[in-house]
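The primary structure of each chain is shown beneath.
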Amino acid sequence: MTKIIHTEQAPAAIGPYVQAVDLGNLVLTSGQIPVNPANGEVPADIVAQARQSLENVKAIIEQAGLTVADIVKTTVFVKDLNDFAAVNAEYERFFKQNNHPSFPARSCVEVARLPKDVGLEIEAIAVRK
């Protein structure tokens, strides 16, 4: 049975979708853009955008009763692949700070445009053990 996951600690959906679905053993998040849920602001800096998107993913995963360590796959969409090194460094910091046992599998692709003209969007899949 599918359960809808929602938390006020991550931005509300800006379209006809949910923050995440819980399939029992899998939690799949929608893509998270770097909107601060408290004030609706988007940081200008790509590193801060990466951190905010990851924090939004974390809030959703935690609402489902899981932790960052349970994330097994992410997809990172970036508007400019020249930002990859900076995003990658923040991504590594985030997963190390959140005690991930290794790192999730990941895809990273450059896209023409993202909602609200942000620099990146991140989605995740987590496994309930």
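Preceding this section is the structure that the text describes.
Summarised in this report is the structure supplied together with it.

Cut-off values and rules
- Residues numbered from 1 in each chain as written.
- Predicted model: local features only at pLDDT ≥ 70, side-chain atom pairs only at ≥ 80, totals over all residues.
- Heavy atoms only, no water.
- Helix = DSSP H or I, 4+ residues; strand = E, 2+ residues; numbered from the N terminus.
- Buried < 20%, exposed > 50% of the residue type's maximum accessible area, 1.4 Å probe, protein only.
- Contact = heavy atoms within 4.5 Å.
- Areas by Shrake-Rupley, 256 points an atom, 1.4 Å probe, with all protein chains shown as cover.
- Lys, Arg positive; Asp, Glu negative; His and termini not counted.
- Charge placed at Lys NZ, Arg CZ, Asp CG, Glu CD.
- Pairing = 2+ DSSP bridges.
- Axes fitted to C-alpha atoms, helices over the stretch in contact; angles between N-to-C directions.
- Phe/Tyr/Trp six-rings, centres within 6.5 Å; stacked < 30°, edge-to-face > 60°.
- Lys NZ or Arg CZ within 6 Å of the ring centre and 35° of its normal.

1. What about the overall build of the protein?
Secondary structure assignment for the protein yields 2 helices and 6 strands. Scanning the protein from its N terminus toward the C terminus, one meets helices and strands in the order β-β-β-α-β-α-β-β. Projected onto the principal axes, the alpha-carbon positions of the protein cover approximately 40 × 35 × 25 Å. Taken over 129 residues, the protein has a buried fraction of 41%. Partitioning the intrachain contacts of the protein with sequence separation of at least 6 by distance along the chain shows that 69% fall at a separation of at least 24. Taken as a whole, the protein presents about 6,600 Å² of accessible surface, with 53% of it coming from carbon and sulfur. In the protein, 12 side chains carry a positive charge and 15 a negative one; their mean positions are 5 Å apart.

2. Some remarks on unusual backbone geometry
With glycine set apart, most residues show a phi of negative sign, and most peptide bonds adopt trans. One non-glycine residue, Asn 99, adopts positive backbone phi at about 55°. Tracing the sequence through the fold places Asn 99 in the loop between α2 (84-97) and β5 (105-110). Phi at Lys 116 is positive, roughly 60°, even though this residue is not glycine. Among the secondary structure elements, Lys 116 is positioned in the loop between β5 and β6 (120-127). By relative accessible area, Lys 116 is classed as exposed at 53%.

3. Let's talk about the sheet that holds strand β3 (residues 26-29)
Read across the open sheet, the 6 strands follow the order β1-β2-β3-β6-β4-β5; overall the sheet is mixed. Looking at which strands have only one partner, the edges of the open sheet turn out to be β1 (3-5) and β5. Each neighbouring strand pair of the sheet contributes to a mean axis angle of 15°, computed without reference to strand direction. Sheet analysis places β3 next to β6, joined by 3 bridges and oriented antiparallel. Along β6, the bridge assignment pairs Leu 26 with Val 127. Lying over the sheet, helix α1 (residues 46-63) contacts β1, β2 (20-22), β3, β4 (71-78) and β6, oriented at roughly 30° with respect to β6.

4. Concerning the packing of aromatic side chains
By convention here, two paired aromatic rings are described through the distance between centres and the angle between planes. Scanning the entire structure with this criterion turns up 2 aromatic pairs. Measuring from centroid to centroid gives 5.1 Å for Phe 94 and Phe 95, while their planes differ by 90°, and the two rings are edge-to-face. The same class applies to Phe 94 as to Phe 95, namely buried. Three or more aromatic residues joined by ring pairs make a cluster, and in this case those are Tyr 91, Phe 94 and Phe 95. One cation-aromatic arrangement involves Arg 106 over Tyr 91; the distance from NZ or CZ to the ring centre is 4.5 Å.

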